[in-house]
Amino acid sequence: MKKWITLLIITMALYHSVVSSEDPKPENIKQKAVLVTGASRGLGLKMTEHLSAAGYLVYAGARNEADMKRLDQMKNVKSIRLDVTDQEQIKAAVATIEKSETGLYGLVNNAGIASVSPLIDMDEKDLDALMQVNVFGPYRITKAFAPLIIKQKGRIVTIGSLAGIASDPGLGAYSMSKHAMEAFTDTLAVEMKKSGVQVSIVEPGNYSPIFKGGDPIDVAQAVEHAISDPVPKRRYLVVPDQASADRALSVSFAELLQLNQQQKYSKDLEQLIQILRNQFKNYQ
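Residues numbered from 1 in each chain as written. Predicted model: local features only at pLDDT ≥ 70, side-chain atom pairs only at ≥ 80, totals over all residues. Heavy atoms only, no water.

**Let's talk about the pattern of salt bridges**
Quick reminder of the rule: We count a salt bridge whenever a side-chain nitrogen from Lys or Arg sits within 4 Å of a carboxyl oxygen from Asp or Glu. Only runs of H or I of at least four residues qualify as helices and only runs of E of at least two qualify as strands under DSSP, and these elements are numbered from the N terminus. Categorising residues by exposure relies on relative accessible area from a 1.4 Å probe, with only protein chains included: less than 20% of the type maximum marks a residue as buried, more than 50% marks it as exposed, and the intermediate range marks it as partly exposed.
Tallied over the full model, the rule gives eight salt bridges. Glutamate 65 is the partner of arginine 81 in a salt bridge, and the nearest nitrogen-oxygen pair spans 2.4 Å. Of this pair, arginine 81 sits in strand S3 (residues 77-81) while glutamate 65 sits in helix H4 (residues 65-72), and the two are 16 residues apart along the sequence. Two residues, aspartate 67 and arginine 70, come together in a salt bridge whose shortest N-O distance is 2.7 Å. In this pair, aspartate 67 and arginine 70 are both assigned in helix H4, three residues apart and thus about one turn of the helix distant. Note on arginine 70: relative accessible area 37%, which makes it partly exposed.

Here it is in structure tokens:
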């Protein structure tokens, strides 16, 4: 009898040793952390509120002390000084999160600015400033935090815009910057797939206070889906009304027809419809 008891004890000890030596899954032992850039106001603040309420630890990027103090008062939120055009601040933010126990599972490239001007009248300095935030900002942030995201096989979400699909007079520069995020997302998604990282773009319509008919919580919920769902969508069109949704689709179809128009390998209508039918099955 003693022999069997001794054997059982040894077996249990060996089992415990093997289990303990296995690499634990980060999501099972600690709170998932998400970095949101431009988190102090607007959609960025709404995302921060929503994700923190959902249980994520949110590193909320902000540029001034008052905003950081306000963000630190929120549960599950830690402010982090982060100007997406400042390489030293980006480096310091990476070091801060590297030292934490959570690491980083999700990145939300939200920080952005807009400028209204006809393209040919726009000062080149203003165009450069916009591109530094809206295009080079997501590039710098993603490049800097990619090793942490890869370590947890996490998610990268970039906030695009309906303006990146459908351009309007006066908003050409902003549309250029958001259209760039379309290519950024598509290329990054393919390149990061081998590392187990999934990449999405969320494309809001106009949710500013002067427009009614939509709640910006819709955008925050789309971001959460992109971060949490086992099979996130590549693109999330989130608009406040039917007209905006119809416009996005209409413009996209118009571009398809422009590409097809009177070129050497043009398709007829029935062939185009068949292509659409074939693709439609993949996105239902």
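**Some remarks on the side chain of asparagine 109**
Filter applied, for reference: Any N or O atom pair separated by 3.5 Å or less is treated as a polar contact, with the protein-specific requirement of one donor-capable and one acceptor-capable atom, and with residues adjacent in sequence counted only for side-chain atom pairs. A contact between two residues is defined here by any heavy atoms of the two lying within 4.5 Å.
Along the polypeptide, asparagine 109 turns up in strand S4 (residues 106-109). For asparagine 109, a relative accessible area of 3% gives the class buried. Polar contacts involving the side chain of asparagine 109 include one to the side chain of threonine 158, which spans 3.3 Å. Non-local contacts of asparagine 109, meaning those with residues more than four positions away in its chain, are made with Thr37, Pro138, Ile141, Thr142, Ile156, Val157, Thr158, Ile159 and Phe184.

**Observations concerning the environment of tyrosine 59**
By the secondary structure assignment, tyrosine 59 is in strand S2 (residues 57-62). Judged by its relative accessible area of 4%, tyrosine 59 falls in the buried class. When the C-alpha positions of tyrosine 59 and glycine 106 are compared, they lie 10.0 Å apart, and in sequence the two are 47 residues distant. Beyond its immediate chain neighbours, meaning those up to four positions away, tyrosine 59 contacts Ala33, Val34, Leu35, Val36, Lys78, Ile80, Ile97, Ser100, Thr102, Gly103 and Leu104. Polar contacts involving the side chain of tyrosine 59 include one to the side chain of threonine 102, which spans 3.3 Å.

**Comments concerning a nonpolar patch on the surface**
Applied cut-off: Note on patches: the residues involved have over 30% relative accessible area and no salt bridge, like charges join within 9 Å, and the nonpolar side chains Val, Leu, Ile, Met, Phe, Trp and Tyr join within 5 Å. Exposure was quantified through the Shrake-Rupley algorithm and a 1.4 Å probe, taking into account, for residues, occlusion by the shown protein chains and nothing else.
A cluster of nonpolar residues, Leu249, Phe253, Leu256 and Leu276, forms a patch on the protein surface that exposes about 370 Å² of accessible area. Of note, leucine 256 is situated in helix H10 (residues 242-260). You can call leucine 256 partly exposed: its relative accessible area is 40%.

**Concerning empty space enclosed by the protein**
Using the following cut-off: The definitions used throughout rest on a 1 Å grid laid over the protein atoms alone, on which a cavity is an enclosed set of points accommodating a 1.4 Å probe that cannot get out and a pocket is an open set flanked by protein within 12 Å on both sides along at least five of seven lines; lining residues are those having an atom within 4 Å of a point. Grid points are joined across faces, edges and corners, and a volume is the space filled by probe spheres set on the points. The residue classification treats Ala, Val, Leu, Ile, Met, Phe, Trp, Tyr, Cys and Pro as nonpolar and Asp, Glu, Lys and Arg as charged. All others, Gly included, are polar.
Evaluated as defined, the whole model comprises one cavity of 30 Å³ or more. Size it by volume and the largest cavity reaches roughly 30 Å³. As for the largest cavity, its lining consists of Thr37, Val84, Asn109, Ala111, Val133, Gly137, Pro138 and Ile141. It is helix H7 (residues 136-151) that contributes the most residues to the lining of the largest cavity, three residues altogether. Each residue belonging to the lining of the largest cavity can be placed in one class, and the counts come to five nonpolar, three polar and no charged.

**Some words on a negative patch on the surface**
The test is simple: Positive charges come from Lys and Arg, negative ones from Asp and Glu, while His and the chain ends are left out of the count. In plain terms, the charge of a residue is placed at NZ if it is Lys, CZ if Arg, CG if Asp and CD if Glu.
Side chains of Asp123, Glu124, Asp126 and Asp128 sit close together on the surface and give a patch of like negative charge. Examined against the element boundaries, aspartate 128 turns out to sit in helix H6 (residues 124-134).

**Points about helix H11 (residues 269-280)**
What counts here: A helix is expected to span 1.5 Å for every residue after the first.
Here H11 spans 16 Å end to end across 12 residues, near enough to the 16 Å set by a 1.5 Å rise per residue. With a side-chain oxygen positioned 3.2 Å from the backbone nitrogen of glutamate 270, the residue opening H11 is aspartate 268.

**Here's the deal with the confidence of the model for the protein**
Quick reminder of the rule: Every residue carries a pLDDT, the predictor's confidence in it, which falls somewhere between 0 and 100.
For the protein, per-residue confidence averages 90 on the pLDDT scale, and 88% of positions sit at 70 or higher. Contacts from residues 1-29, a stretch scored under 50 in pLDDT, to residues over four places away or in other chains number three contacts.

**Remarks on unusual backbone geometry**
The phi angle at asparagine 76 is positive, at roughly 65 degrees, despite the residue not being glycine. Secondary-structure assignment places asparagine 76 in the loop between H4 and S3. One non-glycine residue, glutamine 262, lies in positive phi territory at about 45 degrees. Counting through the fold element by element, glutamine 262 comes out in the loop between H10 and H11. Overall, glutamine 262 belongs to the exposed group, its relative accessible area being 78%.

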